[in-house]
Amino acid sequence: MGTEWDTLRKQARHLENDIDMKLIAFNKVGVGAASSSATASNTDTSPLLGDHVFESLSLEIEQMLDKLSNINEKMSEIPNSGAAVMHVLQRHREILHGYRQEYLKIQANHTTRMEREELLRGSGLGTSSPSTSGLSRRDMYLKENTHLHSSSSLVNDQISIAMETKEHLTSQRQHLKRFQTRMHDISNRFPLISSLIQRINIRKRRESLILGGVIAVCTILVLLYAFH
């Protein structure tokens, strides 16, 4: 039992070290370190990473993870006793789980970067749009950032206009309330003009509803245009 356990454990440790090194290289490829010379070109229209490099590393790491999993299974099948042995076996399983999580995370990040790259290039069908042809990825990112900043500034301007409009309407409302109070006092003093005051109030409410509707529609259209 001891010899077989020691042999499998040495294999597991050696394989874990290899997987750790492969994951470091895999991560560098995933963030574009392997294609740094390509990104420096102003006419770069290739994908973010070389697919053959990434897929090759992905397949190799996946095979190594499967092999490590098989070694862990063989270790668990060996009759053993003692808390120390169970702790070592549990530790190897945790290391394997951590490597799998890191592997999946790097793959997900790579997929996200590829989708973002395709989105920046335009149609995603392999043809560059006139506005992005001849631009490097850095220029495309800067262009997108500028566009986002401009959109944010436009939205902030529209919000400022809306707030000023709200303050203006609030001020008008206060004036109308004071005017209404005065007219109410007058109507109480002169009952003969009470009916006229009522008609004025009805028209005022109707105009307020119309004004509020127009402002709401205009605000919605401005926001839709800003976020389009």
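Residues numbered from 1 in each chain as written. Predicted model: local features only at pLDDT ≥ 70, side-chain atom pairs only at ≥ 80, totals over all residues. Heavy atoms only, no water.

**Student:** Would you take a moment to explain a nonpolar patch on the surface for this structure?
**Tutor:** On the surface, V217, I220, L221 and L224 cluster together into a nonpolar patch covering about 400 Å² of accessible area. In this fold, V217 is placed in helix α6 (residues 194-227). In this structure V217 comes out as partly exposed when scored by relative accessible area, which is 47%. (Patch = residues over 30% accessible without salt bridge, like charges linked within 9 Å, V, L, I, M, F, W, Y side chains within 5 Å. Areas by Shrake-Rupley, 256 points an atom, 1.4 Å probe, with all protein chains shown as cover. Salt bridge = Lys/Arg side-chain N within 4 Å of Asp/Glu carboxyl O. Helix = DSSP H or I, 4+ residues; strand = E, 2+ residues; numbered from the N terminus. Buried < 20%, exposed > 50% of the residue type's maximum accessible area, 1.4 Å probe, protein only.)

**Student:** Could you clarify how one ought to interpret the UniProt feature "transmembrane region" (unreviewed entry) in the protein chain in this entry?
**Tutor:** Residues given the UniProt feature "transmembrane region" (unreviewed entry) here are residues 209-227. End-to-end, the C-alpha atoms of residues 209-227 are 27 Å apart, and along that stretch the chain is 100% helix and 0% strand. (UniProt positions renumbered as here; feature names shortened; annotations may be inferred.)

**Student:** I would appreciate a short explanation of the layout of surface pockets in the present structure.
**Tutor:** Regions of empty space are outlined by a rolling probe, equal in size to a water molecule, passed over the atoms. In this structure, the largest pocket encloses a volume near 380 Å³. Along the walls of the largest pocket sit 15 residues, with L169, Q172, R173, L176 and S208 positioned nearest its centre. For the lining of the largest pocket, the secondary structure elements donating two or more residues are α5 (137-189) and α6. Broken down by element, the lining of the largest pocket gets its largest block of residues, eight residues, from α5. Within the lining of the largest pocket, the residues separate by chemical class into four nonpolar, six polar and five charged. Counted as a void, the second largest pocket has a volume near 150 Å³. Taken together, Q158, I159, I161, A162, T165, I215, C218, T219, V222 and L223 form the lining of the second largest pocket. Mapped by element, the contributors of at least two residues to the lining of the second largest pocket are α5 and α6. Counted by class, the lining of the second largest pocket contains seven nonpolar, three polar and no charged residues. (1 Å grid on protein atoms, 1.4 Å probe; cavity = no way out; pocket = protein on both sides within 12 Å on 5 of 7 lines; lining within 4 Å. Points joined across faces, edges and corners; volume = space filled by probe spheres on them. Nonpolar A, V, L, I, M, F, W, Y, C, P; charged D, E, K, R; others polar.)

**Student:** What exactly am I supposed to notice about the pattern of salt bridges here?
**Tutor:** Working definition: two side chains of opposite charge can pair if their charged atoms are close together. Counted under the stated rule, the structure contains three salt bridges. Residues E60 and K22 are paired through a salt bridge, measuring 2.9 Å at the closest nitrogen-oxygen approach. On the criterion of sequence distance, the pair formed by E60 in helix α3 (residues 51-77) and K22 in helix α1 (residues 2-30) is long-range, its members being 38 residues apart. In this structure E60 comes out as partly exposed when scored by relative accessible area, which is 29%.

**Student:** Quick question: what am I supposed to make of the side chain of H92 here?
**Tutor:** Here H92 is to be found in helix α4 (residues 83-121). Accessibility expressed as a relative area gives 4% for H92, which makes it buried. At 2.8 Å, the side chain of H92 forms a polar contact with the side chain of E16. Contact partners of H92, with chain neighbours within four places excluded, come to R9, A12, R13, E16, N72 and M75. (Polar contact = N/O pair within 3.5 Å; in protein donor to acceptor, adjacent residues only side chain to side chain. Contact = heavy atoms within 4.5 Å.)

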